[in-house]
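Structural description and commentary
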Amino acid sequence: MGDLHSEIENLEAFEPVWNRKCEVCGEKPVVRATELCGPCTWGEADTANGAWWGDDDANRLATLRAKAQESGR
Ligand SMILES: [Zn+2]
């Protein structure tokens, strides 16, 4: 189980948070772990607007969370 939970935590660290603004430039969304937008976190313009986070990541996180719930918190 430990692996499952650490995998969820690792993914959640990168989940975009849309109700916060980047402390540096005011853009949304921010990376949960840094509370900064993609470009301010990684210095790469193509990570703007949550582009670092894809449907694959969202689906993977949803799947892992469902598994964790099944296995009984
Ligand atoms: Zn920023």
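Quick summary incoming for the structure in this document. (Residues numbered from 1 in each chain as written. Predicted model: local features only at pLDDT ≥ 70, side-chain atom pairs only at ≥ 80, totals over all residues.)

1. A look at the overall build of the protein
Looking only at helices and strands, the protein has three helices and two strands in total. Traced from its N-terminal end to its C-terminal end, the protein shows the element sequence α-β-β-α-α. Projecting the C-alpha coordinates of the protein onto the three principal axes gives extents of approximately 40 × 20 × 20 Å. Looking at the protein as a whole, 7% of its 73 residues qualify as buried. Here the analysis covers contacts within the protein between residues at least 6 apart in sequence; of these, 32% occur between residues at least 24 apart. (Helix = DSSP H or I, 4+ residues; strand = E, 2+ residues; numbered from the N terminus. Buried ≥ 20, exposed ≤ 12 C-beta atoms within 10 Å, placed from the backbone. Contact = placed C-beta atoms within 7 Å.)

2. Structural notes on the environment of Glu9
Here Glu9 lies in helix H1 (residues 2–12). Taking the C-beta count within 10 Å as the criterion, Glu9 has 11 such neighbours and is therefore assigned exposed.

3. Digging into the packing of H1 against helix H3 (residues 55–70)
The geometry of H1 relative to H3 is characterised by a closest axis approach of 10 Å and an angle of 145° between their N-to-C directions. As for the relative orientation of H1 and H3, their crossing is left-handed in sense. Only Asp57, Arg60, Leu61, Leu64, Arg65, Lys67 and Ala68 of H3 make contact with H1, whose side of the interface consists of Leu4, His5, Glu7, Ile8, Leu11 and Glu12. Residue classes in the contact of H1 with H3 are distributed as six nonpolar, one polar and six charged. (Axes fitted to C-alpha atoms, helices over the stretch in contact; angles between N-to-C directions. Left-handed = near helix turned anticlockwise from the far one by under 90°. Nonpolar A, V, L, I, M, F, W, Y, C, P; charged D, E, K, R; others polar.)

4. Digging into unusual backbone geometry
Each neighbour pair has its own omega, and for Lys28 with Pro29 the value is -10°, a cis peptide bond. In this fold, Pro29 is placed in the loop between strand E1 (16–17) and strand E2 (30–31). The phi dihedral of Glu35 falls on the positive side, at around 60°, and the residue is not glycine. Structurally, Glu35 is set in the loop between E2 and helix H2 (38–42). Accessibility expressed as a C-beta count within 10 Å gives 15 for Glu35, which makes it partly exposed. With a phi angle near 60°, Asn49 is a residue other than glycine that sits in the positive phi range. Checked against the element boundaries, Asn49 lands in the loop between H2 and H3.

5. A word on the environment of Phe14
Structurally, Phe14 is set in the loop between H1 and E1. Using a count of 16 C-beta atoms within 10 Å as the deciding quantity, one classes Phe14 as partly exposed. It is 9.8 Å that separates the C-alpha atoms of Phe14 and Gly50, two residues lying 36 residues apart in sequence. Excluding residues that lie within four positions of it along the chain, Phe14 makes contacts with Val31, Arg32, Ala33, Trp52 and Trp53.

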